[in-house]
2 protein chains.
Amino acid sequence: MALTQVSSNKCAGGFQKVFEHDSVELKCKMKFAVFLPPKAETHKCPVLYWISGLTCTEQNFITKAGSQLAAADNGIMVVAPDTSPRGCGVEGEDDGWDLGTGAGFYVDATQEPWKSNYRMYSYVTRELPKLINDNFPADPERMSISGHSMGGHGALICALKNPGKYKAYDATVLASGYAGPPLDILLDQGRDDQFLSASQLLPDNLIAVCSEKKIPVVFRLQPGYDHSYFFIYSFINDHIKHHAKYLNA
Amino acid sequence: MALTQVSSNKCAGGFQKVFEHDSVELKCKMKFAVFLPPKAETHKCPVLYWISGLTCTEQNFITKAGSQLAAADNGIMVVAPDTSPRGCGVEGEDDGWDLGTGAGFYVDATQEPWKSNYRMYSYVTRELPKLINDNFPADPERMSISGHSMGGHGALICALKNPGKYKAYDATVLASGYAGPPLDILLDQGRDDQFLSASQLLPDNLIAVCSEKKIPVVFRLQPGYDHSYFFIYSFINDHIKHHAKYLNA
């Protein structure tokens, strides 16, 4: 599969790059960002997949989150894809900010008019990792996933879901039936997050189920923090280190 | 002088805020960003003024540079103003990206039609510091200045120029006549900066003059780095620490 390099910037001793390719799953051109730590010049590196929130592209995380210094220190590649197919001409895809363009929710749609393009689950869990493993010095045996907002939930469902086995795409429901290898989830939530106070986020439900199923979750309710990239930036180092603990084990 | 808070986000244990006010020097509404480290809750803090490059607003540095963690660690307030007056209706101010809106060059214009609004030098060196000292827990005796690109040059001229004494606004010329207290300049330059290879940046001239005048400059030519915020992000921690060494002395 041909990759076209869109940009390359030296950053934190490594390179922050963006590539474009024709996606088989999404049937459109897709962009993704990849940070190559200095270690990637001479070694295969583990890969952390970061999946972003509603309205984001591959740019938000790489320009605003301040992840590259910690990724360089820990010798981790970070791959950040776009959040949905784009420009497919699906009816209604640009009508709202929370469905369609910029809002793929990391699921495989099952209904018309969405189902032929909106296959972000398959893209993120299969097509993209294959592309990364085939084209970069990635160790295919060491990958992990994290994200924010829609992407935080997406990361949880990717980790919890055995492909093809479950129908529901709700992390709380998936956790209640999880029977795979041990997980270790680090979850930061701003206590002053506008979506939390609007009851659009329900971390308590997930924690209750994980507690019942004995899935380890470190849940940190961070006083004063909201939903923004200022929040992500403040805690991204902890998350990189959390993943590095397993990726470099 | 009334300040209107535009935004406030908890970040790195402190707060990243943006304010708007009516500027006397620029005769328009101006925005500036201020990062308040946790220490500012109980102590007066030194202030680092960061002035940005061409086309930037007060947003670029606070969203992309990753400065807040180091500023919090060192107990330093960081003030990042917009780069020019806006919406003044000066003829030609929106005709190019390198003169007018977003391109104030931190000088006081002397000719029509610019001279009544384009007074960024007076704004950055006098009006803004007074506003900060009057409204925030800032120690007026401890301030320093840094920046990138147009703002890197701006920071140098602000540091080198005794107000009212010199006519030229060129850091190399100013350095050749500098006779103030000792300076300690840290200068990072990407070796693969597109503006360097286009001969639009002339760091060698400045270094030659500083060397002759015995003004200490640590000049680091960083291989592979370009002109972008990925470059700023990669070295901002060193600059925060450089300023902290004097601000917290």
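Residues numbered from 1 in each chain as written. Chains lettered and ligands numbered in written order. Predicted model: local features only at pLDDT ≥ 70, side-chain atom pairs only at ≥ 80, totals over all residues. Heavy atoms only, no water.

## Some words on the overall build of chain A
Piece 1. When you go through chain A residue by residue, the secondary structure sums to eight helices and eight strands.
Piece 2. Taking 18 Å as the expected radius of gyration for a compact globule of 249 residues, we find that chain A reaches 17 Å, a close match to that expectation.
Piece 3. Considered along the principal axes of its C-alpha atoms, chain A spans approximately 45 × 45 × 35 Å.
Piece 4. Look at the contacts in chain A between residues 6 or more apart in sequence, and 67% of them connect residues 24 or more apart.
Piece 5. For chain A, the exposed area adds up to about 11000 Å²; of that, 53% sits on carbon and sulfur atoms. (Helix = DSSP H or I, 4+ residues; strand = E, 2+ residues; numbered from the N terminus. Rg over C-alpha atoms; globule rule 2.2 N^0.38 Å. Contact = heavy atoms within 4.5 Å. Areas by Shrake-Rupley, 256 points an atom, 1.4 Å probe, with all protein chains shown as cover.)

## Quick notes on the UniProt feature "active site" (unreviewed entry) in chain A
Residue and element names in this part refer to chain A.
Piece 1. In this structure's numbering, the residues bearing the UniProt feature "active site" (unreviewed entry) are Ser149, Asp193 and His227. Considering the C-alpha atoms alone, the annotated residues occupy 79 residues of sequence yet fold into one spot, their largest mutual distance being 10.8 Å.
Piece 2. Judged by its relative accessible area of 28%, Ser149 falls in the partly exposed class.
Piece 3. Mapped onto the secondary structure, His227 falls in the loop between strand E8 (217–222) and helix H8 (229–247).
Piece 4. Here His227 is in contact with His148, Ser149, Asp193, Gln194, Phe195 and Leu201, once residues within four sequence places are set aside. (UniProt positions renumbered as here; feature names shortened; annotations may be inferred. Buried < 20%, exposed > 50% of the residue type's maximum accessible area, 1.4 Å probe, protein only.)

## A look at the interface of chain A and chain B
Piece 1. If you look at the interface, chain A gives 24 residues, while chain B gives 24 residues.
Piece 2. Between chain A and chain B lies a buried interface of about 2000 Å² when both sides are counted; carbon and sulfur atoms form 57% of it.
Piece 3. Inspection of the region where chain A meets chain B yields 17 residue pairs in polar contact (both at pLDDT 80 or more).
Piece 4. Put simply, the parts of the chain that give the side of chain A that touches chain B at least two residues each are strand E1 (4–11), helix H1 (59–64), helix H2 (68–74) and H8 of chain A.
Piece 5. Examining the composition of the side of chain A that touches chain B, we find that five residues originate from one element, H8(A), more than from any other.
Piece 6. A breakdown of the residues in the side of chain A that touches chain B according to their chemical character gives nine nonpolar, 12 polar and three charged. (Buried area = accessible area lost by both parts, 1.4 Å probe. Polar contact = N/O pair within 3.5 Å; in protein donor to acceptor, adjacent residues only side chain to side chain. Nonpolar A, V, L, I, M, F, W, Y, C, P; charged D, E, K, R; others polar.)

## Structural notes on the relation of the copies chain A and chain B
Piece 1. Taken as rigid bodies, chain A and chain B are interconverted by a rotation of 180 degrees and an axial shift of 0.0 Å, the fit giving an RMSD of 0.0 Å. Here the transformation between the copies is reduced to the relation of a two-fold axis. Rotation axis and chain A: the residue whose C-alpha lies nearest the axis is A:Lys64, separated from it by 2.4 Å.
Piece 2. A share of 100% of the interface residues of chain A reappears at the interface of chain B, consistent with the copies meeting face to face through the same patch. (Least-squares fit on C-alpha atoms with pLDDT ≥ 70 in both.)

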